[in-house]
Amino acid sequence: MNEGRKEIIRALMVLTGVIFLVKLFFIQILDDRYAQLADSNSILKEVEYPFRGLIYDRNGKLLVYNSPEYDLLIVKKEIGSFDSAAFCSVFDLSREELRIKFKELRARKEYSPVKPTLFIRQLSNYDFAKIQEHIDEFPGFYIQPRTTRDYTTGSLANALGYVSEISKTQLEKDSTKLYRQGDYIGQSGIEAQYEHVLRGKRGVRYKLRNVSGIEKGSFKNGEFDTLSVPGHDLVTTIDLDLQEYGERLLKGKVGSLVAIEPSTGEILSMISGPSYDPTLLTGRKFSSNFMLVSSDTTKPLFTRPLMAMYPPGSIFKIVQTLIGLQEGVLHYDTRFPCDRTVVNCHNHPNPCDLHMAVQYSCNPYFHQAFRRIINQNKSPNTFIDSRIGLENWHDYVSRFGLGKPLGVDLPSEKGGQMPGSALYNRIYGEGRWKFSTIYSLAIGQGEMLITPVQMANLAAIMANKGYYFTPHLVKEIRGSNQLPAVVKHETGIDAKYFTFVQDAMSDAIYGTAQRAVIPGIELCGKTGTAQNPHGYDHSVFMAFAPKEDPKIAIAVYVENAGWGGRAAASIASLMIERYLTGEVKRLALQDYVLKGEFLDKVVLTTPSTE
Amino acid sequence: MRRQEDISGKMDWLTVLIYLVMVVLGWLNIYAAVYDETVHPSIFDLSLNSGRQLIFIAVSFIIILAILVVDMRFYETAAWLIYGVVLFLMVLVLVVGREVGGNKAWLGFGSFGGQPSEFAKFATALVVAKVIGSIGFRMDNLRNQIILFALIGFPMLIILAQKDTGTALVFTAFVLVFFREGMSPFLMIVGIASAVIFILTLLVQNELYLYGGIGIILVITILAGKKKFKRIALLTIGALAVAGVIQSVDYVINNVMKPHQQNRIRALINPDADPLGYGWNVTQSKIAIGSGGFSGKGFLEGTQTKFDFVPEQSTDFIFCTIGEEHGWLGSLVVVGLFVTLLLRIVYLAERQKNRFARVYGYSVASIFFFHFAINIGMTIGLFPVIGIPLPFFSYGGSALWGFTVLLFILLKLDAHRGQVLQRL
């Protein structure tokens, strides 16, 4: 008798399913009351934008902060009778502008008549004060507070970068899915590199509203609200005082300046000239100012210290010296005559030993020295021998951080170029080039390019006697340990050779860069004048000081300013004085730099390097 | 003892497939329920229910392997032991348990929490099957009936003491098993009839309509059959009982039920009376499901099931998400899956060669049926809100594991059904 009961049980199950589906059919398809209720949007969602992390200099001085601005949002459905004339006067719009605003609104992809949608962006604090008392007269309009970047200083624009609304392509490429249209994102410099720590987390508040749109307090006592989480603050390695001073010195000139603390790799100053005022690229005027800045022919948005690549000129001779010594092909007493048949030179004691060659920057000497580095008779075939020599040399220069990006914590760092056999094979064909093809490299010319930050890093290597820490701009992320460790890199060259070259650099100041001498501070430096086929030569200087326990390593590159001993050496010297003593006493030199007339026509006719 | 043989060929793969589909659909809908477009989290994010559910699912697979590896005779042999251990754990929970959401049903081990009451279901199913399956068991014996009700009564009482009324009610599902195994339908009919009349009393504003309706049914029944006198006597008693139920409704609601239970009953009758108060759940749940329309708003596109407009979004009210985002079609699929699963389990139960396995199978079917009926029923406003999960869909480790164990012990027994004869 129980067998029949299984049918009852089955019937019960099927019946339950059918009842559910019928009931669901009623509420989902036949009854559209629920769909309307869902649409009535009784809960208003308010986004709370997070505060972007602040940025400080190495001494705790505030560089970048947030200032309030306000977006006007619209919920189209809630607008009843709309006094457009009053609206225009309050919001300072013409009728035509208002009409365009509405047209833009409807064209927007995320537009919905029941959701708050952006109507006017970035009202300033001033505008807001005016509007605040009138906003109640326009139902359906809401003020959404958010923040924009503001700056305590007019300098450091290139390193800091700027923040702007996320672009369509960026949105599409964004894999984090954290961003939505209208959000701000760091576009360059530190703002872009450290976007993930600066941005913070968006918060949401839910508010209950009744049918007529009047707010009835927070939804469920704020149980589902999330507070926005501010971004992490950054402490940079920049010394603001030094930075501002350097920008003053470089004003009106085209070039770069990078100063590094050798013992840590911390970048004390990074100057790109010409630059722009960072406050231009904030707030409501962003678009028009951006057009202005980006179309400027002097390219202020171009971060020269990281992206400009120049031939290093004579400063590269110290690298050649070190490689030659380490390879055992040069010795302290190695002498070469100043034979000007291949490369030209200037007047100095002749013949030179190695110390003098660095001190007087003798071109023919380094031509010979480089030949010894490249041709070590490893192969009877001079072409093969040159290739072996160049590859060996290339290994060395790579360890100096040249020919590839150093890994500075900013976007779009360039690597410069250190030619290897691959490059010459491409240019001349395999086995068709030898020393005499590539000898320009001897004195930092030819196919060789380095960036200003690499030059400053070279100065840091000299100061450290053989190693460097990856140069970086951020030394602390407050409240986070996401900062990557700073890596120590060894050049593999004996410290004693560095001591020898330091001595020569110390003496070189008196030979080629008298202006760089700072009373009471022992400074080691090397000038360079990079030949420029397109115009006046570039002025180059790298230095560090003090010689014992160096605190600052610096490289200055001034385009079209002639001799390195003038523009670049003077600027570097003033920077070092300012950093080590806190003030500059050599006002005459300062005036000379500020005046910026480094070229005298006589010098121009003298070709070649110092 | 024979070596463990390969049972993959004898597994009921249809059931396994339905299980997998349900678990995956559940996981996706849990993600949809906790998804916040502002943050756009990953479905694997472990700080979200969806991420954790994936871990629970992975653990389920390990549990399944364990169940399949254990010798099939273990489940019958160890039934009492398992029952005893689970009851002990439940008492332990009462003493040292954690309180979660008003129910003291959680046992914490460090950061892990578990609800032993979820496992009481299969433990009770095993022991009920063992008792009914024992040689010489007769259902019409009153002593046996008392034993059976005691077996489901103990866990119920403990769970009631944990203040988890919903889970306690699940054990009434065993009445269906008893019915299948020969117990008089009287009890079941009385039970269901009382519940139906109770709810009808609440729904029908004027009691006279109710009495009128019942009167008409009585008259038709009396006129339709033979043995009129006996019928008249029986039905008069029935009618009086019905009247008693109707009259007791107000008393029960006002004096027996706790305030939150009263509210749930009120919400069922008239959710619009206080839509932001006690009617909140039902109203929001119906709005969510109802706004889904025919084919739904699309995956992750729901607006009403976000941010816990409906509370217990990813657990007890997961069906709202399905209804809103996948509409009537999605509901059809889910209801269809459940009915198919239930019918399949009944089919599996019926094809067992021994009574233990069959009774166990019916227990599984009854428990799933109860969860299915009550859970979906409450989300669409057919039943009062009783907080029990929708099997395989609702978020939660203990629940998922409990249901998995229930189902896969049956599949294990079923895979070995040929051996039973050899054993005898």
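Residues numbered from 1 in each chain as written. Chains lettered and ligands numbered in written order. Predicted model: local features only at pLDDT ≥ 70, side-chain atom pairs only at ≥ 80, totals over all residues. Heavy atoms only, no water.

J.: What is the right way to read the overall build of chain A from this model?
T.: A count of helical and extended segments in chain A gives 23 helices and 18 strands. Within chain A, the proportion of its 610 residues that are buried is 54%. The contacts of chain A with a sequence gap of at least 6 include a subset with a gap of at least 24, amounting to 70%. By element, 53% of the accessible surface of chain A is carried by carbon and sulfur atoms, the whole surface being about 26,500 Å². (Helix = DSSP H or I, 4+ residues; strand = E, 2+ residues; numbered from the N terminus. Buried < 20%, exposed > 50% of the residue type's maximum accessible area, 1.4 Å probe, protein only. Contact = heavy atoms within 4.5 Å. Areas by Shrake-Rupley, 256 points an atom, 1.4 Å probe, with all protein chains shown as cover.)

J.: What should I look at first to understand the packing of aromatic side chains in this one?
T.: Centre-to-centre distance and the angle between the planes together describe a pair of aromatic rings. All names here are of chain A. Taken as a whole, this structure holds 40 aromatic pairs over all chains when the rule is applied. Their ring planes at 15° and their centres at 3.7 Å tell us that Tyr310 and Tyr557 sit as a pair that is stacked. With Tyr310 in the loop between helix H12 (304-307) and helix H13 (317-327) and Tyr557 in strand E18 (residues 552-558), this residue pair connects regions lying 247 residues apart in the sequence. Residues Tyr310 and Tyr557 agree in their burial class; the two are buried. A network of ring pairs unites the aromatic residues Phe87, Phe91, Phe102, Phe119, Phe138 and Phe141 as a single cluster. Lying across the ring of Tyr184, Arg146 places its NZ or CZ 4.3 Å from the centre. Across the ring face of Tyr467, the terminal group of Lys488 is positioned such that the distance to the ring centre comes to 4.1 Å. (Phe/Tyr/Trp six-rings, centres within 6.5 Å; stacked < 30°, edge-to-face > 60°. Lys NZ or Arg CZ within 6 Å of the ring centre and 35° of its normal.)

J.: Sorry, what's going on with the packing of helix H15 (residues 355-379) of chain B against helix H16 (residues 397-415) of chain B here?
T.: Helix-helix packing: each pair is described by the crossing angle between the helix axes and the interaxial distance. Residue and element names in this part refer to chain B. In contact at an axis separation of 10 Å, H15 and H16 are set at 150° when each is read in the N-to-C sense. The pairing of H15 with H16 is recorded here as roughly antiparallel in orientation. In terms of crossing hand, the pair formed by H15 and H16 is left-handed. Where H15 approaches H16, its residues Phe356, Ala357, Tyr360, Gly361, Val364, Ile367, Phe368 and His371 are matched on the opposing element by Phe403, Val405, Leu406, Leu407, Ile409, Leu410 and Leu413. (Axes fitted to C-alpha atoms, helices over the stretch in contact; angles between N-to-C directions. Parallel < 35°, antiparallel > 145°, perpendicular 65-115°, else oblique. Left-handed = near helix turned anticlockwise from the far one by under 90°.)

J.: What is the right way to read helix H1 (residues 3-30) of chain A from this model?
T.: Along an α-helix, residues three or four positions apart point the same way, because every turn accommodates 3.6 residues. An ideal rise of 1.5 Å per residue puts 40 Å on 28 residues; H1(A) measures up with 40 Å between its terminal C-alpha atoms. Taken as a whole, H1(A) has its buried residues at A:Arg5, A:Lys6, A:Ile9, A:Met13, A:Thr16, A:Gly17, A:Phe20, A:Leu21, A:Leu24, A:Ile27 and A:Gln28. (Expected span 1.5 Å × (residues − 1).)

J.: Help me understand the pattern of salt bridges, please; the structure alone is not making it clear to me.
T.: All names here are of chain A. This structure, assessed with the given rule, holds 29 salt bridges over all chains. Of the charged contacts in the structure, one is a salt bridge between Glu96 and Arg99, with a shortest N-O distance of 3.0 Å. Of this pair, Glu96 and Arg99 are both found in helix H4 (residues 95-107), 3 residues apart, which corresponds to roughly one turn of the helix. Accessibility expressed as a relative area gives 43% for Glu96, which makes it partly exposed. Arg99 gets classed as partly exposed once you look at its relative accessible area, which sits at 47%. Of the charged contacts, one joins Glu522 and Lys547 as a salt bridge, the two residues approaching to 3.7 Å between their closest N and O atoms. With a gap of 25 residues between them, Glu522 in the loop between helix H20 (495-512) and strand E16 (524-530) and Lys547 in the loop between strand E17 (538-545) and E18 connect regions that are remote in the sequence. Judged by relative accessible area, Lys547 falls into the buried class, the value being 13%. (Salt bridge = Lys/Arg side-chain N within 4 Å of Asp/Glu carboxyl O.)

J.: Please clarify how unusual backbone geometry should be interpreted in this entry.
T.: Residues and elements named next belong to chain A. Residue Pro274 follows Gly273 across a cis peptide bond; omega there is 0°. Here Pro274 shows up in the loop between strand E12 (266-273) and helix H11 (286-295). In this model, Ala545 is joined to Pro546 through a cis peptide bond whose omega is -15°. Here Pro546 lies in the loop between E17 and E18. Phi is positive for Asp92, which is not a glycine, with a value near 60°. Positionally, Asp92 belongs in the loop between helix H3 (84-91) and H4. Owing to a relative accessible area of 61%, Asp92 belongs among the exposed residues under this scheme.

Honestly, that's just the spatial picture; any functional story needs more than this.
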